[in-house]
Amino acid sequence: MAAGASPSRRLEDLVLVHAARAICGRAPMPDAEDDVLSAIYEPLDAATAVYGHIHRPYARTLTRLTVANSGSAGMPWDGDPRASYLLIEDGHPA
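Residues numbered from 1 in each chain as written. Predicted model: local features only at pLDDT ≥ 70, side-chain atom pairs only at ≥ 80, totals over all residues. Heavy atoms only, no water.

(A) Local environment of the sheet that holds strand β1 (residues 8–11). Pairing within the open sheet is mixed, and its five strands lie in the order β1-β2-β3-β5-β4. Of all strands in the sheet, those with a lone pairing partner are β1 and β4 (58–61), marking the two edges. Each adjacent strand pair in this sheet contributes to an overall mean axis angle of 15 degrees, direction not counted. Relative to strand β2 (residues 14–17), β1 is paired through four bridges, and the arrangement is antiparallel. Bridging from a neighbouring strand, Arg 10 pairs with Val 15 of β2. Across the sheet, helix α1 (residues 34–41) touches β2, β3 (48–51), β4 and β5 (66–69), and the angle it forms with β4 is around 90 degrees. (Pairing = 2+ DSSP bridges. Helix = DSSP H or I, 4+ residues; strand = E, 2+ residues; numbered from the N terminus. Axes fitted to C-alpha atoms, helices over the stretch in contact; angles between N-to-C directions. Contact = heavy atoms within 4.5 Å.)

This is how it looks when you write it as structure tokens:
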């Protein structure tokens, strides 16, 4: 793993990382511009990129990939105290 890279797990065409790959400890918010998400997650070479860190669930389909945040089961930052999580079906957010 390169210095500053976030650890990742891959399953076929889906990759899971904690934060932004090249900026360990930082991750884009749900309202980030599409080009920002693309610049961060397209280099992972996967159809679907899922990350954590921000504790705010969302999924967005871009031109070349789908980016999603897995949410939070213990410290949600979206104003909803209930646990949230991401379901994946056939390699895509359900």
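Having seen the structure, we can now continue with the description.
(B) Expanded view of the nonpolar core. One finds Leu 37, Tyr 41, Tyr 51 and Val 67 to be the most contacted residues of the largest nonpolar core, which totals 17 residues. For this core, the elements supplying multiple residues, two or more each, are β2, α1 and β3. Here this core takes three residues from α1, the largest share from any one element. (Core = buried A, V, L, I, M, F, W, Y, C linked by side-chain atoms within 4.5 Å. Buried < 20%, exposed > 50% of the residue type's maximum accessible area, 1.4 Å probe, protein only.)

(C) Quick peek at the pattern of salt bridges. Under the counting rule described, the total for this entry stands at three salt bridges. A salt bridge links Asp 34 to Arg 60, with the shortest nitrogen-to-oxygen separation between them at 2.5 Å. Here Asp 34 is found in helix α1, whereas its partner Arg 60 is found in strand β4, with 26 residues between them in sequence. What makes Asp 34 partly exposed here is its relative accessible area of 40%. Residues Asp 80 and Arg 82 are paired through a salt bridge, measuring 2.6 Å at the closest nitrogen-oxygen approach. (Salt bridge = Lys/Arg side-chain N within 4 Å of Asp/Glu carboxyl O.)

(D) Main features of the packing of aromatic side chains. All told, the structure shown has two aromatic pairs when counted by the stated rule. Aromatic side chains Tyr 41 and Tyr 51 sit 5.2 Å apart centroid to centroid with 20 degrees between the ring planes, which places their arrangement in the stacked category. One end of the pair, Tyr 41, is in helix α1; the other, Tyr 51, is in strand β3, and 10 residues separate them in sequence. A residue is classified by how much of its surface remains accessible, and Tyr 41, at 0% relative accessible area, is buried. Measuring from ring centre to ring centre gives 6.2 Å for Tyr 51 and Tyr 58, while their planes differ by 75 degrees; the resulting arrangement is edge-to-face. Tyr 58 gets classed as buried once you look at its relative accessible area, which sits at 14%. A connected cluster of aromatic rings, assembled from ring pairs, spans Tyr 41, Tyr 51 and Tyr 58. (Phe/Tyr/Trp six-rings, centres within 6.5 Å; stacked < 30°, edge-to-face > 60°.)

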